[in-house]
Amino acid sequence: MAADPHNVPDFKTRIAKALGDERLRGAVRYTADNLRTKRNAVVADLNEQAAQRMAIGSFAELRRQARRIKEHTLKHLDYYLEQAAERIRQNGGTVHWAGSAADVVRIAEEIAERRQAKRVIKSKSMASEEVMFNHALEAKGVEVVESDLGEYIIQLAHETPAHIVIPAIHKTRRQIADMFGAVAGRELTTDTPTLTKFARETLRKKFMAADIGVSGANFLVAESGTICLVTNEGNGRLTTSVPPVHVAIVGIEKLVPTLEDLAVVLGLLPRSATGQKITTYFNMITGPRRPGEPDGPEELHVIFLDNGRTNLLGSKYEEALMCIRCGACLNVCPVYRNIGGHAYGSIYPGPIGSVISPLLNDLGAWTDLPQASSLCGACHEACPMGIHLHEHLVSLRMDTVAMGKADPGFTRVMKLWMAAWRRPAIYRMAAKLGRVAMRPFVKKRADGTEVAESLPGPFAAWTNTRNFPPIASRTFHERWSDLEKEGKR
Amino acid sequence: MKVSLFITCLADHFYPEVGEAVVHLLRRYGCEVDFPPNQTCCGQPAWNTGLEDEARAYARAYIETFENSEYVVMPSGSCAGHVRYYYPQMFKDDKEMYRRACAVADKTYEFSQFLVNVLGVRDVGARFPAKVVFHNNCHMQRELGVFEEPLTLLRHVRDLELLDNPRYDLCCGFGGAFSVKMPEISTAMADERLGIYVGTKADIIVSCDGGCLMHMGGRAERQGLPVRTMHLATLLWEGVKSNGR
């Protein structure tokens, strides 16, 4: 993962840019709300069906089962990886191990060179974004075209995904029509049929001409070596079956042991991601074309990607590897909805991005992201895997302090304050001192109440945009003796 | 019934009338209220800014102060959530302290939670003519699991119109130190949250947490928005007083 794909110097600047972009914020909030509403409806429906014993379980039951499956898989990940690799080979596929992003690129380049490939068509894959696949292959003179509509849009805009599931969440219809129009060489209207017709016509030619199809994997079933792809546009199916070579980039955490386990996690993914019970397309790929079969690729390569994931195994952050990349945490996050995905500066934005970006890379370089949360816990509530995202953010803050990488001024003040305030006598005295210190900044209003509209030093960060109440003329501690007497009367 | 009060630092310093209201209301139901003078803060600010050892010291002090109490009641869902949810976690490697943390966490209650679930109160006998929206503070609904209790109390206040809270799941943006570490995002969140509340035409935003009230109240005042903020305990006690008790 690159440190900053947008080349914007720091987090504060990126935040300011996003907050100032009303069009972006409006687009993000509109779609996030839509996804959240649909998700809530379909989860309620599932729970209703479960109550009538018509579903395989309520959302909470599925979540519990899914956690058990993932806990077990992560605990025995070496076993399941070996099993998956063996099955893939038996099915006629080739298995590659990539420890780093660079390994993925090197392996893909070797395949491309051997096949003398010039054109790659790609189905949506966050793992490929993580290793900056397009950039690397284009540098080698290979054309890479994104076939997912959202990915195609951001590719035309020379951007990275702003959301894990909805890459172009931040784009308005008008912006998309303008970009497509520039490629088409004519003006396009903003209606859906016009835009999708243009994309379909353009991309069909790319599918037919591609030498290699690259996909990710939403899940990989170890017992059968099956790559599972969840899509709504059918681009995943074309990418993996039309070109003569299919390369799948698969994070090692994507494994589930059995097809029965798949049914559980698959019940959670579309519901959480887009509020669908099931997506339009679901592909299960078990091996390349076999002798006598008319369709499918001649070669199938699976690249298992580590890129920092094994560091999480056995650590207090292990459950972050349970993430199924549904994006539900983004859709409910009050921070994400206000700043969008790019402000995070990481391929993975939102709460899950703020957790895994520092973990998969170097926490020292990503200390800002865990701070960008009010710790409201909406992410944990929405997460189909029940990952304790807000607790991990706190834990990362603790690690940041322990590493000595926390904002030094702020941390020093906090430490002093916290050490002093714990002592009852100092705590009580601080109220008196605070009251005196605040006095010059407190003004009386017409109705007799008091307010601080401008405070000095670090407190200005509050009063620049918000009023602050003065310390009461008598604190509760000071009032207690009267209250106590009153009670005895 | 003996109840020990924990008056959170925000209530102590900025909203002491909230603490007074809690005292009066608890006494109304025959509770014998005491206020251990050696209490300070629950330590949530330390925890949330990554100062684990400091946070643990606060937890230890709280446990020592309250472990002989029958019940501990406080006017904040966020602080009660911190005690119940995180104190045991902090001592998971120390068997004896873990046991003590669990014991004290189990008898710690947010004010409305105590009133409804322990005292069995639904109607405090208040009258308060206003259009009100209840702001569910995040930690109260998600860590403490308290949601219906304050609404139950509000529904029984005479002449009070309790409006639906559109997006009860949306944070106001306070987040403790977050409000000063990331003031731009925090303010944007307050604006969105307040915009939704103003849209309900509510006169008052009521909450069980001084932090949310301070944040939304401070922003609403600065922007001149036609809505004010009030703690649930204050509203109930004002309502009881104006109803002639």
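Each chain carries its own residue numbering, running from 1 in the direction its sequence is written. Chain letters and ligand numbers both follow the written order, the letters beginning at A and the numbers at 1. Where totals are concerned, whole chains, interfaces and linings use all residues; where local detail is concerned, this predicted model gives features only for residues with pLDDT of at least 70, and gives and counts side-chain atom pairs only at 80 or more. Only heavy atoms go into the side-chain values, all of them from the structure, while hydrogens and water stay out.

A. Here's a closer look at the UniProt feature "domain: Cysteine-rich" (unreviewed entry) in chain B. Residue and element names in this part refer to chain B. UniProt positions are given in the numbering used here, feature names are shortened, and annotations may be inferred rather than shown by experiment. The UniProt record marks residues 3–83 and 132–216 with the feature "domain: Cysteine-rich" (unreviewed entry), using the residue numbering of this structure. This span, residues 3–83, is 56% helix and 12% strand, and a straight line between its end C-alpha atoms measures 17 Å. Segment residues 132–216 splits into 51% helix and 16% strand. End C-alpha atoms: 15 Å apart. Only DSSP runs of H or I with at least four residues qualify as helices, and only runs of E with at least two residues qualify as strands; both kinds are numbered from the N terminus onward.

B. Structural context of helix α19 (residues 424–438) of chain A. Expected span of a helix: the number of residues minus one, times 1.5 Å. With 15 residues, α19(A) ought to run about 21 Å at 1.5 Å a step, and its terminal C-alpha atoms sit 21 Å apart, in line with that. Only protein chains enter the accessibility calculation, which uses a 1.4 Å probe; a residue is then buried when its area is under 20% of its type maximum, exposed when over 50%, and partly exposed in between. What α19(A) keeps buried is the set A:Y427, A:A431, A:G434, A:R435 and A:M438. Buried residues along α19(A) sit in contact with α18 (408–421), β11 (442–444), β12 (450–452) and α21 (476–488) of chain A together with α1 (9–13) of chain B. Whether two residues are in contact is decided by their heavy atoms, any of which lying within 4.5 Å being enough.

C. Looking closely at the interface of chain B and chain A. Every contact between the two is made by 66 residues of chain B and, on the other side, 70 residues of chain A. As a working definition, buried area equals the accessible area (1.4 Å probe) given up by two parts on being put together, with both sides summed. Interface of chain B and chain A: buried area, both sides summed, is about 6,000 Å²; carbon and sulfur atoms make up 61% of it. A per-residue breakdown of the area chain B buries against chain A is headed by B:H13, B:K181 and B:R222, which together make up 11% of the total. Every case where a carboxyl oxygen of Asp or Glu lies within 4 Å of a side-chain nitrogen of Lys or Arg is listed as a salt bridge. At the surface where chain B touches chain A, the tally comes to seven salt bridges. The residue B:E20 makes a salt bridge to A:R479 at a minimum N-O spacing of 3.2 Å. Polar contacts, as used here, are pairs of N or O atoms within 3.5 Å; protein pairs need one atom able to donate a hydrogen and one able to accept it. Residues neighboring in sequence count only if both atoms are side-chain atoms. Applying the counting rule to chain B against chain A returns 33 residue pairs in polar contact (both at pLDDT 80 or more). If one sorts the elements of the side of chain B that touches chain A by residue count, helix α11 (residues 183–199) of chain B sits on top with eight residues. Residues are grouped as follows: Ala, Val, Leu, Ile, Met, Phe, Trp, Tyr, Cys and Pro are nonpolar; Asp, Glu, Lys and Arg are charged; every other residue, Gly included, is polar. Here the residues of the side of chain B that touches chain A sort into 32 nonpolar, 17 polar and 17 charged.

D. Layout of the packing of aromatic side chains. Pairing of aromatic side chains requires ring centres within 6.5 Å, counting the rings of Phe and Tyr and the six-membered ring of Trp. Pairs whose planes differ by under 30 degrees are stacked, by over 60 edge-to-face, and all others tilted. Enumeration according to the criterion identifies 24 aromatic pairs over all chains in this entry. Taken together, a centroid distance of 5.1 Å and an interplanar angle of 20 degrees make the contact between A:W97 and A:F304 stacked. Here the residue A:W97 occupies a position in strand β1 (residues 94–98), and A:F304 occupies one in strand β10 (residues 299–305), the gap between them amounting to 207 residues. Joined through ring pairs, the aromatic side chains of A:W462, A:F468, B:F14, B:Y15 and B:F174 make up one cluster. Working rule: Lys NZ or Arg CZ, within 6 Å of ring centre, within 35 degrees of ring normal, means a charge sits over the ring. Between the NZ or CZ atom of A:R39 and the centre of the ring of A:F59, over which it lies, the distance is 5.0 Å. Above the ring of A:W462, the side-chain terminus of A:R466 is found at 4.7 Å from the ring centroid.

E. Spatial organisation of unusual backbone geometry. Notably, A:R53 is not glycine yet its phi reads approximately 60 degrees, a positive angle. Along the chain, the position of A:R53 falls in the loop between α2 (22–51) and α3 (59–75). The class for A:R53 is exposed, based on a relative accessible area of 78%. One non-glycine residue, B:R167, adopts positive backbone phi at about 65 degrees. Relative to the assigned elements, B:R167 resides in the loop between β6 (158–163) and α10 (178–181).

F. View of the pattern of salt bridges. Inspection of every chain in the model, using the stated rule, returns 43 salt bridges over all chains. Ionic pairing is found between B:D169 and A:R36, a salt bridge with its closest N-O pair at 2.9 Å. Here B:D169, found in the loop between β6 and α10, pairs with A:R36, found in helix α2, and the two come from separate chains. As far as burial versus exposure is concerned, B:D169 and A:R36 are alike and both buried. The partner of A:E253 in a salt bridge is A:R325, and the shortest N-O contact between them spans 3.1 Å. Here the residue A:E253 occupies a position in the loop between β7 (245–251) and β8 (255–256), and A:R325 occupies one in the loop between β10 and α13 (328–332), the gap between them amounting to 72 residues. Exposure class is identical for A:E253 and A:R325. Each is buried.

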